[in-house]
Each structure stands twice: as C-alpha cells, then as structure tokens.
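Chain by chain, the residues:
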Amino acid sequence: MIRFTVEDGKWKVTSFVSTHNHELALHSEVHMLRSNRKLTSSKTNVINSMVDAGLRTIDTFSYMSKEAGGDEHLGFTKRDCYNYVHHKKMSLIEAGDSQSLVNHFEECLAEDGMFYYTTQVDQESRMTNFFWRDGRSRIDYDYFGDVIVFDTTYRTNKYDLICAPFVGVNHHRKNVMFGCAFLSDETISSFIWLFKSFLKSMGDKAPQPIFTDQDQAMANAISVVFPETRHRLCIWHISQNAPSHLGSLNSNKEFWLLFYKMLHRCESENEFDEVWNKICDSFEEVRNHKWLKKLYDIRQKWCKGLNKDVFSAGILSSQRSEVTNRVLKTISSKTASLTKFVHEFETIVARWRSSEFEEDFRCKQGTPSLLLKTSGLLNHAASIYTCEIFKHFEKNFWQVMATSSVEVTCSNNIRMYEVQSEAVNSKKWIVHFDISSMSISCSCKKFESKGFVYYHILRVLSMNNVKKIPESCILHRWTKGAKKRLYVDRLTEVDSEITQETNSMFRNDVMRCLYDVATRSQENIRCRKICKDSLKKLIVDIERELSTLNLEESCDIEERKTNSAKGKKKITDVELILSPPRAKPKGTSNARLKGHFETRRVKVKKGSLKQQRKKMISESNINNYSTGLEPQTHFQVLYYNILNTLKLFKIIITLVELEFDKF
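This write-up is about the structure you can find in this document. Model, not experiment: these values are computed from the prediction.

1. Let's talk about the environment of histidine 86
Alright, step 1. With respect to the secondary-structure elements, histidine 86 resides in helix α3 (residues 78-92).
Alright, step 2. For histidine 86, a relative accessible area of 47% translates into the label partly exposed.
Alright, step 3. Sequence separation of histidine 86 and threonine 57 is 29 residues, and the distance between their C-alpha atoms is 9.8 Å.

2. So, the packing of aromatic side chains
Alright, step 1. Tallied over the full model, the rule gives 36 aromatic pairs.
Alright, step 2. For the ring pair phenylalanine 130 and tryptophan 132, a centre distance of 5.7 Å and an interplane angle of 25° mean the geometry is stacked.
Alright, step 3. The class for tryptophan 132 is buried, based on a relative accessible area of 4%.
Alright, step 4. When the ring of phenylalanine 341 is compared with that of phenylalanine 345, the centres are 6.5 Å apart and the planes differ by 20°; the resulting orientation is stacked. Taken as a pair, phenylalanine 341 and phenylalanine 345 lie in helix α14 (residues 338-364) at a separation of 4 residues, close to a single helical turn. For the pair phenylalanine 341 and phenylalanine 345, a shared accessibility class is recorded, and that class is buried.
Alright, step 5. Grouped by ring-pair contacts, the aromatic residues Tyr116, Phe131, Tyr141, Phe150, Phe166, Phe178, Phe191, Phe195, Phe198 and Phe226 constitute a single cluster.
Alright, step 6. Between arginine 299 and the ring centre of tyrosine 296, over which it is positioned, the NZ or CZ distance is 4.2 Å.
Alright, step 7. Across from the ring centre of tyrosine 454, 4.5 Å away, lies the NZ or CZ of lysine 446, which sits over that ring.

3. Concerning the packing of helix α4 (residues 97-111) against α14
Packed helices, taken two at a time, are described by the angle their axes make and the gap between the axes.
Alright, step 1. Running from N to C, α4 and α14 cross one another at 35°; their axes reach a closest spacing of 8 Å. Along its contact with α4, which presents Asp97, Ser100, Leu101, His104, Phe105 and Cys108, the element α14 presents Leu338, Thr339, Val342, His343 and Glu346.
Alright, step 2. Each residue belonging to the contact of α4 with α14 can be placed in one class, and the counts come to 5 nonpolar, 4 polar and 2 charged.

4. A closer look at the side chain of histidine 456
Alright, step 1. Take histidine 456: it is sitting in helix α18 (residues 455-463).
Alright, step 2. Of note is the side chain of histidine 456, whose polar atom sits 3.5 Å from the side chain of tryptophan 429.
Alright, step 3. Reaching out from histidine 456, the side chain makes a polar contact with the side chain of tyrosine 455 at a distance of 3.3 Å.
Alright, step 4. Once residues within four sequence positions are removed from consideration, histidine 456 is found in contact with Val419, Trp429, Val431, Cys442 and Cys444.

5. Digging into the nonpolar core
Alright, step 1. One finds Tyr385, Phe393, Ile440, Val453, Leu461 and Ile469 to be the most contacted residues of the largest nonpolar core, which totals 41 residues.
Alright, step 2. At the level of elements, α15 (376-384), α16 (387-399), β12 (414-421), β13 (428-434), β14 (439-442) and α18 are the ones that each hand at least two residues to this core.
Alright, step 3. When near neighbours in sequence (up to four residues on either side) are disregarded, valine 453 contacts Tyr385, Phe393, Asn396, Phe447, Leu458, Ile469 and Cys473.

6. Remarks on the packing of α15 against α16
Alright, step 1. At a closest axis distance of 9 Å, the pairing of α15 and α16 adopts a crossing angle of 170°. If you check the angle between α15 and α16, you find them roughly antiparallel. Note on packing geometry: the crossing formed by α15 with α16 is right-handed. Where α15 abuts α16, its residues Leu377, Leu378, Ala381 and Ala382 lie against Phe390, Phe393, Glu394 and Phe397.
Alright, step 2. Here the contact of α15 with α16 is built from residues that sort into 7 nonpolar, no polar and 1 charged.

7. Focus: the pairing of β14
Alright, step 1. The alternating pattern of β14 places Ile440 and Cys442 on a buried face and Ser439 and Ser441 on a face that is not buried.
Alright, step 2. Inspection of the sheet shows β13 paired to β14 by 4 bridges, in the antiparallel sense. Bridge assignment links histidine 432 to a residue of β14, and that residue is serine 441.

8. Regarding the pairing of strand β2 (residues 10-16)
Look at any regular strand and the pattern is simple: side chains alternate between the two faces of the sheet.
Alright, step 1. Looking at chain direction, strand β1 (residues 2-7) and β2 are connected through 6 bridges and run antiparallel. Within the sheet, the bridge partner assigned to threonine 5 lies in β2 and is lysine 12.
Alright, step 2. Between the antiparallel neighbours β1 and β2 lie 2 residues, among them aspartate 8 with a positive phi of about 55°.

9. Re unusual backbone geometry
Alright, step 1. Despite not being glycine, aspartate 204 has its phi angle at roughly 60°, a positive value.
Alright, step 2. When you line up the elements, aspartate 204 lands in the loop between α6 (188-201) and β9 (209-212).
Alright, step 3. Judged by relative accessible area, which is 60%, aspartate 204 ranks as exposed.
Alright, step 4. Even without being glycine, asparagine 465 reaches a positive phi, approximately 55°.
Alright, step 5. By relative accessible area, asparagine 465 is classed as exposed at 59%.

10. What about the sheet that holds β12?
Alright, step 1. Sheet architecture is open: 4 strands sit in the order β11-β12-β13-β14, paired in antiparallel fashion. Taken across any chain shown, the strands that pair with only one partner, and hence form the sheet edges, are β11 (403-411) and β14. In this sheet, neighbouring strand axes are inclined to one another by 20° on average, regardless of whether the strands run parallel or antiparallel.
Alright, step 2. Most of the contacts of α18 go to β12, to which it runs at about 125°, and overall it touches β11, β12, β13 and β14.

11. Quick notes on α14
Alright, step 1. Between its terminal C-alpha atoms α14 stretches 39 Å, which fits the 39 Å expected from 27 residues at 1.5 Å a residue.
Alright, step 2. Backbone geometry just downstream of α14 places glycine 366 in the positive-phi region, at approximately 130°.

12. Brief notes about a nonpolar patch on the surface
Alright, step 1. A cluster of nonpolar side chains, namely Ile2, Phe4, Val6, Trp11, Val13 and Phe16, defines an oily patch on the protein surface of about 670 Å² accessible area.
Alright, step 2. Contributing elements (two or more residues each) for the nonpolar patch: β1 and β2.
Alright, step 3. Residue placement: valine 6 occurs in strand β1.
Alright, step 4. Classification of valine 6 by relative accessible area gives partly exposed; the value is 49%.

13. Here's the deal with helix α11 (residues 269-282)
Alright, step 1. End to end, α11 covers 20 Å across 14 residues, agreeing with the expected 20 Å (1.5 Å per residue, within 8%).
Alright, step 2. All of the buried residues in α11 are Glu271, Phe272, Val275, Trp276, Ile279 and Cys280.
Alright, step 3. The inward-facing, buried residues of α11 abut α10 (253-264) and α12 (290-297).

14. Structural notes on the pattern of salt bridges
Alright, step 1. Tallying each qualifying case throughout the model produces 22 salt bridges.
Alright, step 2. With a closest N to O distance of 3.7 Å, glutamate 7 and lysine 12 form a salt bridge.
Alright, step 3. The residue glutamate 344 makes a salt bridge to lysine 340 at a minimum N-O spacing of 3.8 Å. Placement of both glutamate 344 and lysine 340 in helix α14 is noted, with a separation of 4 residues, approximately one turn of the helix.
Alright, step 4. Given a relative accessible area of 12%, glutamate 344 falls into the buried group.
Alright, step 5. Take lysine 340: its relative accessible area is 22%, and that puts it in the partly exposed class.
Alright, step 6. Via salt bridges that share partners, Arg136, Asp140, Glu356 and Lys483 belong to a single interconnected network.

Rules and cut-offs
- Residues numbered from 1 in each chain as written.
- Predicted model: local features only at pLDDT ≥ 70, side-chain atom pairs only at ≥ 80, totals over all residues.
- Heavy atoms only, no water.
- Helix = DSSP H or I, 4+ residues; strand = E, 2+ residues; numbered from the N terminus.
- Buried < 20%, exposed > 50% of the residue type's maximum accessible area, 1.4 Å probe, protein only.
- Phe/Tyr/Trp six-rings, centres within 6.5 Å; stacked < 30°, edge-to-face > 60°.
- Lys NZ or Arg CZ within 6 Å of the ring centre and 35° of its normal.
- Axes fitted to C-alpha atoms, helices over the stretch in contact; angles between N-to-C directions.
- Contact = heavy atoms within 4.5 Å.
- Nonpolar A, V, L, I, M, F, W, Y, C, P; charged D, E, K, R; others polar.
- Polar contact = N/O pair within 3.5 Å; in protein donor to acceptor, adjacent residues only side chain to side chain.
- Core = buried A, V, L, I, M, F, W, Y, C linked by side-chain atoms within 4.5 Å.
- Parallel < 35°, antiparallel > 145°, perpendicular 65-115°, else oblique.
- Left-handed = near helix turned anticlockwise from the far one by under 90°.
- Pairing = 2+ DSSP bridges.
- Expected span 1.5 Å × (residues − 1).
- Patch = residues over 30% accessible without salt bridge, like charges linked within 9 Å, V, L, I, M, F, W, Y side chains within 5 Å.
- Areas by Shrake-Rupley, 256 points an atom, 1.4 Å probe, with all protein chains shown as cover.
- Salt bridge = Lys/Arg side-chain N within 4 Å of Asp/Glu carboxyl O.

Following this line, the structure appears as structure tokens:
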C-alpha cells in the first residue's frame, strides 16, 4: 500500500508497504481483477438487447465472449453479467411488483391517449385482477372484433394468477391481440368484472361469437355481460374431456365413430338429430348418461350445424388462444414478476404486428402467380383477397372441376341449382342465384359462417359466365383493404349525426382515426411529411374557426382545458397497490392446465424406485389377510410404525443420558 499527503501543492509519500497481503495475479488472471472489470454502456446495451430478445444470460455472455475473442478480452466476468441482469430486473419492480406495474401503465397512458387499464384490489390493497390493452388493440378490434377467442388455461407461478388473453383473427388469418388480463380466481364475479371492463374499453361493442372452454362460471358471466353474443364451446376441449366421462364406452369403436361425426361432421340440425338418435338407439346407457345428456342440452354452443347463421371466421375451437398461451409460456417462469411479464408481452405483440405489416407489404407487391390466367373469377379474387385467403379461394376454385350441378327451377330471374361433389356419399346443396341483383346464396351457409366463397357458389357462377365475384359474396374483413375504409366511412357521416354524438364519443372516434393515420405513416418519410403538413393545416383551420366564436365560448373552452389538466392523475399520486400473495413455486408448473386423461401416469420402468416400491407392496400382500388393509395402506402403516419406533428409541436414549448426568 502507499499513502500520499499534499502540502503546498506538492505530493509527498508518507507511508509505503512493499509487501503484498495476497498472491500477485498472473498475467492470464489480470482480467479478473476488480480494477480491470467494467461494464460499459455499449456492453450493457448489447446485454439488454439480447436478454429482451429472449436469450438466457449464459447464452448472452457466451456470445459476447466469443465475439471478443475469449473471456480475458471481454472486460467483465460471468458473475458481473448475472449481477447486472438481476439488478436490471429488480429495478423494474423497485416500487413493488404491482405498484411498478401500475406506474408502467400510467406511463403508457401518458404516451398513448387510447391506452386503457383497470385493476381490482382486495381489502388489504393487494392486487387481485387487472386488465389492459393499448391503442392499437382498440383499432384492431374495430376491424376484426367480430370474433373473439378467450381462454384461461394458462397461469403464472409467482402469484398463481390466471392469464386470460383476448385473441382474434385478422385478414391474414393470423392471431391479433385485443387485450390481456390476470385473474386471481375463476369465479363468476371475476369474469363479470373482466368482461365488463373489456366491453367498456372497446366502446360497448360486443363480438358476434366468443369461443371459450367448458367452464360454467365463464358461461354464466357471458350470459350476463354479452346477452346478444353467441357463446361457442371449444370442440377440442370437449373431445379431450370426453374419455374421463364415458367410462366403458371408451373401448367401443362404433360409438366413437358416431361421437366424432356428431362433433365434427354434422352440417345441419336434422343431420345432428339423426346421429344423436342413432347413438341413443345403439347404446342404451347413453339415454341416462349424465354427461352426454348435459352435452346434448347445450348442443347450440358447440354443434357447427346449429351455428351457421353466425359468423365465426372458420374457428371451431379455442386453440388459437392456446397457441398464444404457448407463446406466453416462453416469457414466464416460476419466479417471473408481473411487470417483467407485461414488458415481454408487449415485445411479443409488437412482433405479431410486425409480421402483419410484412404480410400487408407482400399483398401490395402484386397478385399471386396463377396457373389459369384466363379465369376472370381467379384474377378478381387474386386482386382483392389477401394471399392467405386467396389460397383458400384457389383451393375451392379447382374443386369446381369435380362438382356437378343441375338447374332445378327458373322464375323471375331467380334460378335454383342443385350442386353435388363427385365424391362418394357426397351431400347435395341448393344454390339460389338472382341474376338481376347478382345475389347468390347456398344452403351450406359456409359464406355466412366463414366469410369464404365455397365451390358450390363458384360452380353456379361459372355456369352463368360470371367473371367477377359478386359484391354480396365479398366479406371486406378478408380483403387487402380490410383496414382502409372504416374510419373514412365514419368521418363522412352527415353533420346531424355528428352533432348528436357526446363529447366522449366524438373524441374517441377522432383519436382512433388519428392513431390509425399515425401508425400507417410512421414507416415512410413521405407519408410522415404528408401527415404532419395535414395536421398543421388542420390546426390552423380549427384555430381560425375558434377565433370567430364569441368570447364566452372561448372562455368555456379554456375552462374545460384547465379542468381537464387538473383532473389528470400523476404517476406519483397513484395510491400504493400491494402485490398479490406469492404462491409456493415448488411442485407447480407454468404449463397449460391439463384434463384428466392428459395427466396419465408414465409407465414405470423396471428397476426404478417406483418399481421397487411396487414390488415391496406386492410382497406385503401376504399379511393383508390378517390385517384387512389394502396393499398400499398396509405399506404406509408399516412405514409409519417404524418411524414411531425410532422416535421412541430416541426418547429412551435421551432419558437414559439425563439419568447418567445426575451421577
């Protein structure tokens, strides 16, 4: 060590010890000295980027070490990297997990005027339920909110809260996020609160159908909050839960063929009743089977033949939401905080939206390659539909070749055709075509339920030499311009309708329009300039109009602005919210909740510990006749008797030692 003092601006050595109290570091160990280790801003930026992208800390360190040419050239150790990541993670929840989450939501609200969140707390100010969505989700819901998939079979483990995402399908048939929530339980009151919050955040616009699993509390809440919405059950969940209820019917192949047909193949109510009656006549136990009778009573919720009148975008199950759950599983762990989860969630949603933007760009680059370029219907479909929807259309177009049709009647420009596929045991469908109005419909009702033109209608259009798809057969949500006309139509409403709007309705509509314009313009410099110039001109025009008003009206406007500014809640003014009670991570999993038959025990291997215990239990069966106990119960009794005997011996030894101490 060395010590200096400064006198009259001169440095003087006052103490010097040349002996080291530790072994000197070798040249190959110099990089591990504390004085030579430093995490610079450029290095922390790389670590942040890689960790935020989902890479593990060890993978991040390994990559940076390889890029630097070895650990000795990196400038910090593995422990420094772990400490930095941990410190960064802890800084997110510095104010407490729930309070940090609310602070983050308040920051999002300050940046995005259309952001929405709401929370519920218990009597101890602990967060129990919360829901949030951003402004883009509100815009997407206006376009594609006709169908919702809602699933609650995924939960985090730190607080054992249930993750409940609201998922839809966009014009590329890909998932789109409308919002997400965390619930402390699956009770009717929790679901009612969540659905009301979701409905309020979306301007009281309810979906046409909502797909969920078979949960009674959820069904009761939907009937209260969404009385006009068709509640649909996931067929996949029904088929997965069926084996745990069917008992001896599981081994009957004939029953399973009929049951599968009832779930997936019935295209009409008559066909469904026919299959159900056949099941009841063939198997007597079905008539008194409690689960099957209950399933039949709610057939309107899952039979697709009974739901053709409601648009469903071709969805039959909640697997779209479960795909989302598998994605969410990758960003959560048994110790993940809610704040970290929300940050990772925002990253994933941004990735989805980037993928949608790429699909939009691909659709703008021209029409797909056509094998038959002379077909007017095929060319028209390629010009209006997105690439994914066109694939579906093209598949049905070529199926027309294997279809026959017969004109049944013709009166007053209305023709009726009977269309049938050439496949064995194919069904006959009735198509009505009005030549004067170019309106066409089919008894299969595939267009009404899925929004796609099937080969039954295409066959009739081809017979009548129609070169373009009729407007009545084009669902705008599947086209390339699905996100173009919505706000243009709203803004061109007559003045009388606009004056009848409330201030909040007008403000929300204009904010959604401006938000959509901003997100569309941000990717191109010229579009940005057009957007800014138009807004500047708009501000000038509004100020000119306001200047013509009298002084009283201007004062009212200023007063409203002042009151609005006073009413804004600052982040620091938010009441402190405590985190939910932490759940025990041991023995829990962040995987999807599984059904009875999904949790079957794995077959025990020979020589394993379970196999040895099973052998011991079987050997103890010799004494079962005298005790009257079951094998496993008898084994447990013996085990606990031995433990008690050992405890007794320990007590006796202790007493003996105490007696010896007296002497």
